[in-house]
Amino acid sequence: MDININSIKGKLQNQGYKLTTQRRAILNSIIDNSEQHLSPEEVYNIVKKEYPDLGIATVYRTLQLFEKLDIVCKLNFDDGCSRYELSTGPEGHHHHHLICLNCGKVIEVKLDLLEALEEEIEKEGQFTIVDHNVKFYGYCSECKDKSL
């Protein structure tokens, strides 16, 4: 995923915010671990190594701000905590998640075959769809192999 820090900085500035050192560190932790779908606590544990004075409340507030500005998306994988990933924006490609019921691993699926279905639903139901979210539950290859 190509990340444009200047674009993110512009989003913040347009709303009267700055890309402070702390916000940049939090953003970098999400960018550097984009395959992980980090929880706020995981972001905090990453960032505090370089910025030990950073509080977890700052991480929560920053993630809320980033979500409000569509910099990150909040995800719920039914594991009791919110997780975050970089937002693709309103014009971005939807993707879905495979969630292992044994180890909790989350795998992104880039393939999206729902666009035609969305168009049909909009036409038939006179409904404007702005987003969708699909989660598949099962067992990852490592867990499936262990059970054989």
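Before going into details, it helps to say that this report is about the structure given with it. (Residues numbered from 1 in each chain as written. Predicted model: local features only at pLDDT ≥ 70, side-chain atom pairs only at ≥ 80, totals over all residues. Heavy atoms only, no water.)

## A short note on the overall build of the protein chain
Here is the rule we go by: Helix numbering and strand numbering both begin at the N terminus, where a helix is a DSSP run of H or I of at least 4 residues and a strand a DSSP run of E of at least 2. Residue burial is assigned from relative accessible area. The probe radius is 1.4 Å, only protein chains are included, and a residue is buried under 20% of its type maximum, exposed over 50%, and partly exposed in between. In what follows, residue pairs with any heavy atoms lying within 4.5 Å of each other are defined as contacts. Note on areas: Shrake-Rupley with a 1.4 Å probe; residue coverage comes only from the protein chains shown. Neither His nor the chain ends contribute to the count of charged residues, in which Lys and Arg are positive and Asp and Glu negative. Every charge is mapped onto a representative atom, which is NZ of Lys, CZ of Arg, CG of Asp or CD of Glu.
A count of helices and strands for the protein chain gives six helices and five strands. Projected onto the principal axes, the alpha-carbon positions of the protein chain cover approximately 45 × 45 × 25 Å. Residue burial in the protein chain is summarised as follows: out of 148 residues, 31% are buried. Once local pairs closer than 6 in sequence are excluded, the contacts in the protein chain between residues at least 24 apart make up 49%. For the protein chain, the exposed surface amounts to about 9,800 Å²; the carbon and sulfur share of it is 49%. Between the centroid of the 17 positive side chains of the protein chain and the centroid of its 24 negative side chains there is a distance of 9 Å.

## Some details on the sheet that holds strand β3 (residues 96-100)
For clarity, the threshold we go by: At least two DSSP bridges between two strands are required for those strands to pair. Every angle, taken between N-to-C directions, lies between 0 and 180 degrees, and every axis is a line fitted to C-alpha atoms, over only the stretch in contact when it is a helix.
Pairing is mixed in the open sheet, where three strands are placed in the order β4-β3-β5. Two strands in the sheet have a free side with no partner beyond their single neighbour: β4 (106-109) and β5 (135-138). Mean inter-strand twist for the sheet, computed between neighbouring axes without regard to direction, equals 25°. Bridging between β3 and β5 involves four bridges; their strand directions are parallel. Looking across to β5, one finds that H97 is bridged to K135.

## Focus: the pairing of β4
The two faces of β4 differ: V106 and E108 on one face are buried, but I107 and V109 on the other face are not. In this sheet, β4 lies alongside β3 in antiparallel orientation, the contact comprising four bridges. In the strand pairing of β4, H97 is matched with E108. Counted between consecutive antiparallel strands, the loop separating β3 from β4 contains five residues, among which G104 sits at a positive phi close to 85°.

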